[in-house]
Amino acid sequence: MNFDKNAYTVESLTVGVHTIRYRQFADLLYADLPANAAYQRMHIYAPEGFYEGESINGYTLATAPVFMPNQVGGYMPGEPAAPGETQEGSGIPNTVFCALEHGYVVAAPAIRGRVQQDENKTYTGKAPACIVDYKAAVRYLHAFAKDLPGDEEKIITNGTSAGGALSSLVGSSGNHPDYEPYLKAIGAADAGDEIFAASCYCPIINLEHADAAYEWQFLGVNEFRRMQMNLTEGGRPEFSAVDGDMTPEQVQTSKDEAALFPEYVNSLGLKDEQGRALTLAADGTGTFLEYVKAIVLESAQKALDRKTDLSGETWLTVEDGRAVGMDFPAYARAITRMKTAPAFDGLELETAENDLFGSENVNCRHFTKYSLEHSKKRGEMAPEQVVRMLNPMSYVDAADAQKAKYFRIRHGECDRDTSLAISAMLVAKLRAQGCSVDYHAPWGVPHAGDYDLDELFAWIDEICR
Ligand code: DHB
């Protein structure tokens, strides 16, 4: 592994009316003993103006923040991000393009994913590979900081969904010894993997408790609505809407899972910003429910303040332009359920997460006691330690985990991929540890990311200055 500051190309790119010139350091291997050399690499981009002595938005070659997006989705392999358009032909500059234009250095790693196999059919990208790779890429940045563009003390990770999970995990678990043997095994650089800040869109985290959280939120909503992806003969994805009712067995699972949630929430000892304990009674009501409702009400309030017409939201009580109350079960019905119970640890081992928690030679495994006991496939259980290593909640209060100072977490108000409780619990835990967390559930936003780059960059500029 090395970094040769003379091995670069200078690129120029126009999207719409915007043109950027940047220096590209391509295909930097961040693991000396790669399990998958095609994926354990990263591209680094820097505004070319920096090398001509320019400053952009007050940043220079030495001081620019290092924005570090990952493109992992569904815990699949993540390709390294590159400047371009949001979608081919859109004419809209994408995140990396905008970041370079704004004066950030961008470090864009590829990351292994759950389906990858080597020539012996051994799986190489099962958990914890994704988080190990992201950390190894961070270590590379620290190891070669002296020669790299930007300020490697100002690394800001970014990702959406599974990628948001990875961002929150890097931010929560810096330098924790749990990951050390895995980092050694791939020959990661001998350097720290702590970061300055983490930007996380709708993080799919806390997988071993996400089933219970999902049913706590969607209990009583027994119809589901989702998009199904099928591959055409030509191997292209095709989406069709699927609506259906949960089976009586799934409805029972929903009740069983919902009943597990209060005990978990109560075990966390969470507090709100006023120091009040966040707990749930056995029936799922309590101060934690009020805390989650307040997140939705704040979201509605911001929409009202922008003069959005919310009169159709019958679950919401608005008085004199103030969002003052809500019916939580009716809200869940209104946003609709996407997943059947159990949402994450499938009884048929059919979910992305079952696949994530496979091993070198077992494709899919369980990761909750409930689904193990109710498995229809006599599935095996993933090791507790591996499940733990994918969950930022395991590290936030660990003294030997170096937390990012800043987090920005966005979880769309009508996201149905995971319960709002999941991000809410992480936020409360991070704040209790003194991390500064900018958290919001933007109104009318589903499971998505990078939709508010101006605000994201304003946050980065504020914390970096
Ligand atoms: C993603 C979405 C999911 O619903 C899930 O269970 C895991 C990952 C994603 O979009 O990355």
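Residues numbered from 1 in each chain as written. Predicted model: local features only at pLDDT ≥ 70, side-chain atom pairs only at ≥ 80, totals over all residues. Heavy atoms only, no water.

A. Geometry of the site of the ligand. In the vicinity of the ligand, the residues found are G73, G74, S161, A162, I204, K339, F344, E353, D417 and H447. The side chain of S161 places a nitrogen or oxygen atom 2.7 Å from an oxygen atom of the ligand. Contacts to the ligand include E353, whose side-chain N or O atom sits 2.5 Å from an oxygen atom. Considered class by class, the residues forming the shell around the ligand number 3 nonpolar, 4 polar and 3 charged. (Near = heavy atom within 4 Å. Polar contact = N/O pair within 3.5 Å; in protein donor to acceptor, adjacent residues only side chain to side chain. Nonpolar A, V, L, I, M, F, W, Y, C, P; charged D, E, K, R; others polar.)

B. Expanded view of the packing of aromatic side chains. Following the criterion strictly, the structure yields 23 aromatic pairs and no others. An angle of 65 degrees between the planes, with centres 6.0 Å apart, marks the rings of F261 and F288 as edge-to-face. With F261 in helix α6 (residues 248-268) and F288 in helix α7 (residues 287-305), the pair connects residues that are 27 residues apart, well separated along the chain. This pair shows no difference in class: F261 is buried, exactly as F288 is. Aromatic rings pair up to connect W216, F261, Y264, F288, Y291, W315, F328, Y331 and W443 into one cluster. Between K126 and the ring centre of Y123, over which it is positioned, the NZ or CZ distance is 4.3 Å. Geometry around Y179 places K135 over its ring, the cationic atom sitting 4.3 Å from the centre. (Phe/Tyr/Trp six-rings, centres within 6.5 Å; stacked < 30°, edge-to-face > 60°. Helix = DSSP H or I, 4+ residues; strand = E, 2+ residues; numbered from the N terminus. Buried < 20%, exposed > 50% of the residue type's maximum accessible area, 1.4 Å probe, protein only. Lys NZ or Arg CZ within 6 Å of the ring centre and 35° of its normal.)

C. Quick peek at the pattern of salt bridges. Summed over all chains, the structure comprises 25 salt bridges. Linking D147 and K5 is a salt bridge whose minimum nitrogen-to-oxygen distance equals 3.8 Å. Remark: K5 occurs in the segment before β1 (9-15) and D147 occurs in the loop between α2 (129-143) and β6 (151-160); sequence separation between them is 142 residues. What makes D147 partly exposed here is its relative accessible area of 29%. Between E273 and R431 there is a salt bridge whose closest N-O contact spans 3.4 Å. (Salt bridge = Lys/Arg side-chain N within 4 Å of Asp/Glu carboxyl O.)

D. Broad picture of the domain arrangement of the protein chain. Taken domain by domain, the protein chain consists of domain 1 (9-205 + 391-412 + 448-464) and domain 2 (208-386). Relative placement of domain 1 and domain 2: their C-alpha centres are 28 Å apart. With 17 residues of domain 1 at the contact, the number on the domain 2 side is 19 residues. Summed over both sides, the interface between domain 1 and domain 2 buries roughly 1,300 Å², with carbon and sulfur atoms accounting for 56% of that surface. When the buried surface of domain 1 facing domain 2 is broken down by residue, Y123, K126 and A127 rank first, second and third, together holding 36% of it. (Domains from an automatic or database assignment. Contact = heavy atoms within 4.5 Å. Buried area = accessible area lost by both parts, 1.4 Å probe.)

E. Expanded view of the side chain of S167. With respect to the secondary-structure elements, S167 resides in helix α3 (residues 162-172). Among residues more than four places away in sequence, those in contact with S167 are N70, Y134, T157, N158, G159, A198, S199 and C200.

F. Spotlight on the sheet that holds strand β4 (residues 65-69). Taking strand neighbours across the sheet as the criterion, the 9 strands line up as β1-β2-β3-β5-β4-β6-β7-β12-β13 in an open arrangement whose pairing is mixed. The sheet terminates laterally at β1 and β13 (436-440), the two strands that pair on one side only. Recorded for the sheet is a direction-independent mean angle of 20 degrees between the axes of neighbouring strands. In this sheet, β13 lies alongside strand β12 (residues 406-410) in parallel orientation, the contact comprising 5 bridges. Bridged to I409 within β13 is Y439. Each of β1, β2 (18-29), β3 (41-47), β4 and β5 (105-109) touches helix α1 (residues 95-102); the most contacted strand, β2, lies at about 110 degrees to it. (Pairing = 2+ DSSP bridges. Axes fitted to C-alpha atoms, helices over the stretch in contact; angles between N-to-C directions.)

G. Representation of a nonpolar patch on the surface within the structure. A cluster of nonpolar side chains, M227, M229, L231 and F239, forms an exposed patch at the surface whose accessible area comes to about 470 Å². Per-element tally for the nonpolar patch: the top contributor is strand β8 (residues 223-231), with 3 residues. Position of M229 among the secondary structure elements: in strand β8. Residue M229 is classed as partly exposed on the basis of its relative accessible area, which comes to 47%. (Patch = residues over 30% accessible without salt bridge, like charges linked within 9 Å, V, L, I, M, F, W, Y side chains within 5 Å. Areas by Shrake-Rupley, 256 points an atom, 1.4 Å probe, with all protein chains shown as cover.)

H. Main features of the environment of A210. Within the secondary structure, A210 is located in helix α5 (residues 207-218). Along the sequence, A210 and A421 sit 211 residues apart, while their C-alpha atoms lie 8.9 Å from each other. Not counting residues up to four positions away in its chain, the partners in contact with A210 are I205, F344, T418 and I422.

I. Representation of α6. For α6, with 21 residues, the first-to-last C-alpha span of 32 Å sits near the 30 Å given by 1.5 Å per residue. Among the residues of α6, those classed as buried are V251, T253, S254, E257, A258, F261, P262, Y264, V265 and L268. Buried residues belonging to α6 abut α5, α7, α10 (369-373) and α12 (420-432). Immediately downstream of α6, the backbone of G269 shows phi near 60 degrees, a positive value. (Expected span 1.5 Å × (residues − 1).)

J. View of the pairing of strand β10 (residues 316-319). Of the strand pairs in this sheet, β10 and strand β11 (residues 322-326) are connected by 4 bridges, and their pairing is antiparallel. Bridged to L316 within β11 is M326. In this structure, the hairpin formed by β10 and β11 is closed by a connection of 2 residues, where D320 is found at a positive phi of approximately 50 degrees.

K. Spotlight on the nonpolar core. Core analysis: the largest hydrophobic core is formed by 141 residues, its most contacted members being I44, L141, F261, F288, F357 and M425. Split by domain, the residues of this core number at least three in each of domain 1 (9-205 + 391-412 + 448-464) and domain 2 (208-386). Beyond its immediate chain neighbours, meaning those up to four positions away, I44 contacts R23, Q24, F25, L28, V105, V106, A107, Y140, L141, L148 and P149. Counting 5 residues, the second largest nonpolar core, distinct from the first, contains F224, M246, V251 and A341. (Core = buried A, V, L, I, M, F, W, Y, C linked by side-chain atoms within 4.5 Å.)

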